[in-house]
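In case you want the letters, here they are:
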Amino acid sequence: MKGGLLVAGTTSDAGKSVVTAGICRWLVRQGVKVAPFKAQNMSLNSFVTREGAEIGRAQAMQAQACRIEPTAHMNPVLLKPGGDRSSQVVLLGRPVGELSARGYHGGRQERLLGTVLDSLAELRASYDAVICEGAGSPAEINLRRTDIVNMGIARGARLPVLVVGDIDRGGVFASFFGTVALLAREDQELVAGFLVNKFRGDVSLLEPGLDMLHGLTGRRTYGVLPFRHGLGIDEEDGLRVSLRGAVRESEVAAPAGEDVLRVAVCAVPLMSNFTDVDALAAEPGVVVRFVDRPEELADADLVVVPGTRGTVKALRWLRERGLAQALVRRAAEGRPVLGICGGFQVLGEHIEDDVESRAGHVDGLGLLPVRVRFAREKTLTRPCGEALGERVEGYEIHHGVAEVLAGEPFLDGCRVGQTWGTHWHGSLESDAFRRAFLREVAAAAGRRFVPAPGTSFAALREEQLDRLGDLIEQHADTDALWRLIESGAPRGLPFIPPGAPA
């Protein structure tokens with residue numbers, strides 16, 4: 001097999017990332033050497049590859065679905081929002097500057113088409129199949145001229161397109177028809193058909209609509225995927241905890257000890273890599289919630305201040321909300337607080353920032369003996385080490401350089417009493433370390449909580465990816481999907497007027 005496919009969607013969050021991962025896992029189980037690809041991703045949840053490149057976490061998880069190591073070619077352009085109107089542009093894993101939305105879509109994006117096509121060609125030369133994920137909707141007619149992630153990449157690489165629609169939102173038939181009808185004739189020629197996502201109920205009741213859709217568009221539906229709880233892989237954005245969904249929405253395992261542990265995560269602005277707490281949420285008896293009011297910290301056994309793309313902005317938000325004062329009280333009372341990356345920086349004595357916020361000297365919360373200076377060069381590493389007597393692996397993505405003045409060493413940061421801080425993302429995915437950390441938290445909180453001895457975060461991820469592969473194998477027309485990937489879009493697909501406006 002040699003081929004490719006672009007998974008587009010009628011809307012953002014239609015299920016493109018999940019479907020892409022599911023197709024990847026289904027193919028690799030058939031013995032196909034497959035890789036994921038997303039030309040341009042906008043996300044604050046990112047990952048560091050072994051060669052030190054920053055890419056979206058969704059593509060890293062899709063690479064895991066393919067059972068391969070992620071590389072920068074799988075997500076050549078990553079946009080990391082720094083506010084409503086600007087983003088840091090990460091090109092082939094390295095930051096190249098900040099751009100406004102107008103500046104990016106006004107010409108810079110279009111010039112990157114050659115770069116993303118080169119990355120895709122690199123993957124196609126190395127793998128039997130490349131499954132590409134689009135972004136938003138391909139029918140965003142105001143952005144089509146500079147598009148490099150939907151029909152721009154499909155037309156540039158002659159990829160067949162499968163359009164995914166979330167029927168749980170309603171209006172899926174209108175969304176499918178309208179998506180095709182708003183594309184130019186040359187783009188429509190590549191749209192092979194549709195995939196219904198998140199269907200609840202009797203499929204036979206849906207089939208007459210699918211037949212009518214085929215009659216209206218000349219395009220078939222390649223499958224109807226049923227609604228399943230907890231199938232989300234690492235989210236691009238939004239307040240979600242992917243594995244927590246699987247635990248909360250399905251049958252919840254009882255805690256191994258007599259108590260549960262309650263974890264409150266401060267929902268700071270521009271929150272990044274909130275997937276760090278997925279590993280906590282996967283533990284039986286650990287309840288994770290996001291909070292934005294100080295009273296919500298009162299019954300928490302552990303408070304996490306997560307990463308953020310705007311450390312100074314997050315610090316200001318914590319103070320305005322009264323959360324900063326609540327955190328200071330917690331620390332004084334010896335109640336556990338964990339700061340990760342930007343959250344770690346917030347807990348320090350002061351910050352010198354002439355890079356991210358350009359705010360200069362800003363006082364931190366003073367809970368840890370740490371001073372932070374923002375450097376123009378971004379730290380992108382995959383460290384490993386030891387903490388609490390256990391081996392730990394993680395990854396670092398930050399401009400802030402921390403000078404640790406005192407305290408007990410903790411990974412690359414420090415610990416004072418029950419206040420902990422580190423730049424390491426992903427450390428809680430190390431099972432033995434996570435259990436040791438939770439035992440410390442439980443003891444400090446006076447909870448008779450015992451971590452379950454057999455919880456493996458890596459195994460839970462694999463199980464989740466296998467469920468996505470099962471969904472494709474059991475509910476999609478895999479023979480037709482195989483032909484589509486191998487041979488491209490069927491010839492002679494009809495044009496649906498009016499097409500894209502001139």
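Below, the structure is looked at part by part. Nothing here was measured: the structure is a model prediction, and the numbers come from that model. (Residues numbered from 1 in each chain as written. Predicted model: local features only at pLDDT ≥ 70, side-chain atom pairs only at ≥ 80, totals over all residues. Heavy atoms only, no water.)

**Some thoughts on the overall build of the protein chain**
- Scanning the protein chain for helices and strands turns up 16 helices and 27 strands.
- Rg of the C-alpha trace for the protein chain: 23 Å, near the compact-globule value of 23 Å for 502 residues, within the 12% margin.
- If you line up the protein chain on its principal axes, its C-alpha atoms span 70 × 50 × 40 Å.
- Looking at the protein chain residue by residue over its 502 residues, the buried ones come to 57%. (Helix = DSSP H or I, 4+ residues; strand = E, 2+ residues; numbered from the N terminus. Rg over C-alpha atoms; globule rule 2.2 N^0.38 Å. Buried < 20%, exposed > 50% of the residue type's maximum accessible area, 1.4 Å probe, protein only.)

**Things to note about the nonpolar core**
- With 43 residues, the main nonpolar core has Phe37, Leu120, Val161 and Val196 as its most contacted residues.
- Leaving out residues up to four positions away in the same chain, valine 161 has contacts with Leu6, Ala8, Met151, Ala154, Leu190, Val191, Ala192 and Gly193.
- Val268, Val312, Ile351 and Val355 belong to the second largest nonpolar core, which has 34 residues in total. (Core = buried A, V, L, I, M, F, W, Y, C linked by side-chain atoms within 4.5 Å. Contact = heavy atoms within 4.5 Å.)

**Let's talk about the packing of helix α11 (residues 311–321) against helix α12 (residues 323–332)**
- Axis separation between α11 and α12 bottoms out at 4 Å; the angle between their running directions is 85°. Here α11 lies roughly perpendicular to α12, going by the angle between them. From α11, Trp317, Leu318, Arg319 and Arg321 reach across to α12, where they touch Leu323, Ala324 and Leu327.
- When the residues that make up the contact of α11 with α12 are grouped by side-chain class, the tally is five nonpolar, no polar and two charged. (Axes fitted to C-alpha atoms, helices over the stretch in contact; angles between N-to-C directions. Parallel < 35°, antiparallel > 145°, perpendicular 65-115°, else oblique. Nonpolar A, V, L, I, M, F, W, Y, C, P; charged D, E, K, R; others polar.)

**A short note on the sheet that holds strand β7 (residues 86–91)**
- Read across the sheet, four strands follow the order β3-β6-β7-β8 without closing on themselves; strand pairing throughout is mixed. Across the chains shown, the open sheet's two edge strands, defined by having one partner strand only, are β3 (40–42) and β8 (94–100). The average angle at which neighbouring strand axes cross in this sheet is 25°, direction not considered.
- With five bridges connecting them, strand β6 (residues 77–81) and β7 associate as antiparallel partners. Its bridge partner being in β7, proline 81 is matched across the sheet by serine 87. (Pairing = 2+ DSSP bridges.)

**A few points about the sheet that holds strand β19 (residues 350–353)**
- With mixed pairing, the four strands of this open sheet are ordered in space as β20-β19-β21-β24. Strands at the two margins of the open sheet, each flanked by one partner only, are β20 (360–363) and β24 (396–404). Each strand of the sheet is rotated relative to its neighbour by a mean of 35°, with strand direction disregarded.
- With three bridges connecting them, β19 and strand β21 (residues 370–381) associate as parallel partners. Across the sheet, isoleucine 351 pairs through a bridge with valine 372, a residue of β21.
- Strand contacts of α11: β19, β20 and β21, with the helix running at about 35° to β20, the strand carrying the most contacts.

**Quick look at the pairing of β21**
- Here eight bridges tie β21 to β24, and the two strands are oriented antiparallel to one another. Its bridge partner lying in β24, arginine 373 is registered against valine 401.

**As for the packing of aromatic side chains**
- Counted according to the given criterion, the structure contains eight aromatic pairs.
- On the numbers, 6.1 Å between centres and 80° between planes, the contact of tryptophan 26 with tryptophan 482 is edge-to-face. With a gap of 456 residues between them, tryptophan 26 in helix α1 (residues 16–29) and tryptophan 482 in helix α16 (residues 478–487) connect regions that are remote in the sequence.
- Note on tryptophan 482: relative accessible area 26%, which makes it partly exposed.
- Relative to tryptophan 420, the ring of phenylalanine 410 lies with its centre 5.0 Å away and its plane at 70°, an arrangement referred to as edge-to-face. (Phe/Tyr/Trp six-rings, centres within 6.5 Å; stacked < 30°, edge-to-face > 60°.)

**Quick word on the packing of α1 against helix α15 (residues 457–475)**
- Packing of α1 against α15 brings their axes to within 7 Å, and their N-to-C directions diverge by 85°. With respect to their mutual orientation, α1 and α15 come out roughly perpendicular. Taking contact as the criterion, the partners of Val18, Val19, Ala21, Gly22, Ile23, Arg25, Trp26 and Arg29 in α1 are, on α15, Glu462, Leu465, Asp466, Leu468, Gly469, Asp470, Ile472 and Glu473.

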